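Given next are the chains, with one letter for each unit.
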Amino acid sequence: MLKEYTCIMCPNGCNIAVEIKNEKILSIEGAACKRGYEYVNQELTNPQRNISSSILLENGILPLVSVRLSKPIPKDKIFQVMEIIKKTRLKAPVFIGQIAIENVLGLGSDVIITKNVMSSSASDNI
Ligand code: SF4
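Residues numbered from 1 in each chain as written. Predicted model: local features only at pLDDT ≥ 70, side-chain atom pairs only at ≥ 80, totals over all residues. Heavy atoms only, no water.

### Brief notes about the site of the ligand
The ligand sits among C7, M9, C10, N12, G13, C14, A31, A32, C33, R35 and G36. Residue composition of the shell around the ligand, by class: 7 nonpolar, 3 polar and 1 charged. (Near = heavy atom within 4 Å. Nonpolar A, V, L, I, M, F, W, Y, C, P; charged D, E, K, R; others polar.)

### A look at the environment of E4
By the element assignment, E4 lies in strand 1 (residues 2–6). Overall, E4 belongs to the exposed group, its relative accessible area being 68%. (Helix = DSSP H or I, 4+ residues; strand = E, 2+ residues; numbered from the N terminus. Buried < 20%, exposed > 50% of the residue type's maximum accessible area, 1.4 Å probe, protein only.)

### Side note on the domain arrangement of the chain
With domains assigned, the chain is organised as domain 1 (2–45) and domain 2 (52–113). One C-alpha centre belongs to domain 1, the other to domain 2, and the line joining them spans 30 Å. (Domains from an automatic or database assignment.)

### A word on the pattern of salt bridges
Going through the model one piece at a time under the given rule, you end up with 4 salt bridges. Between E38 and K34 there is a salt bridge, with the nearest N and O atoms lying 4.0 Å from each other. Linking E38 with K34, this pair stays in helix 1 (residues 34–45), spanning 4 residues, or about one helical turn. Take E38: its relative accessible area is 42%, and that puts it in the partly exposed class. Given the relative accessible area of 64%, K34 is considered exposed. (Salt bridge = Lys/Arg side-chain N within 4 Å of Asp/Glu carboxyl O.)

### Describing a nonpolar patch on the surface
On the surface, I61, L62, F95 and M118 cluster together to form a nonpolar patch covering roughly 330 Å² of accessible area. In this structure, L62 sits in the loop between strand 5 (52–58) and strand 6 (64–69). (Patch = residues over 30% accessible without salt bridge, like charges linked within 9 Å, V, L, I, M, F, W, Y side chains within 5 Å. Areas by Shrake-Rupley, 256 points an atom, 1.4 Å probe, with all protein chains shown as cover.)

### Here's the deal with the sheet that holds strand 6
Read from one edge of the open sheet, 5 strands run 8-5-6-10-9, paired in mixed fashion. Looking at which strands have only one partner, the edges of the open sheet turn out to be strand 8 (89–91) and strand 9 (99–101). Each strand axis lies, on average, 45 degrees off the axis of its neighbour in the sheet, ignoring direction. When strand 5 meets strand 8, the two strands line up parallel, connected through 3 bridges. For L57, the partnering residue across the bridge sits in strand 8 and is L90. Packing against the sheet, helix 2 (residues 78–87) makes contact with strand 5, strand 6, strand 8, strand 9 and strand 10 (111–113), and its axis sits at approximately 25 degrees to strand 5. (Pairing = 2+ DSSP bridges. Axes fitted to C-alpha atoms, helices over the stretch in contact; angles between N-to-C directions. Contact = heavy atoms within 4.5 Å.)

### Details of helix 1
Here helix 1 contains 12 residues, and its C-alpha end-to-end distance of 17 Å stays within 8% of the 16 Å for a straight helix at 1.5 Å per residue. Where helix 1 is concerned, the buried positions are G36, Y39, V40 and E43. Take helix 1 and look down its axis: the buried residues cluster within an arc of 95 degrees, on one side only. Opposite its buried face, helix 1 presents the exposed residues K34 and T45, each directed more than 90 degrees away. Tucked into the core, helix 1 has its buried residues touching strand 1, strand 2 (15–21), strand 3 (24–29) and strand 4 (48–49). (Expected span 1.5 Å × (residues − 1). Arc of directions from axis to C-beta.)

In structure tokens form, the structure reads like this:
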């Protein structure tokens, strides 16, 4: 079977053609470096993705704060993690780099805040 991938490990976005038989890679073409091979191998065995999303804020000058994962998680866990993110509420102020959810689902990845959002109540921001 011939499959095609676009490597997402760097901005080059190499198009990689892979010949697979019995879940083993027979040949690989188009990767400009070995990371392309590693990417395809991971896609075949345990695909991983990062998530960017938002969490609801209480008492913030904005209603939401943007978040991302500290490291990619298995693709088949994304829906469960998004459900946890959707149910989470934080209290402003919140700051870039702050952990919103530690070790989400026990996957070894934290949900991290990516924007500073102050409280609408000035005394909370001191
Ligand atoms: S194969 Fe290498 S050069 Fe090509 S996109 Fe992947 S990491 Fe970048």
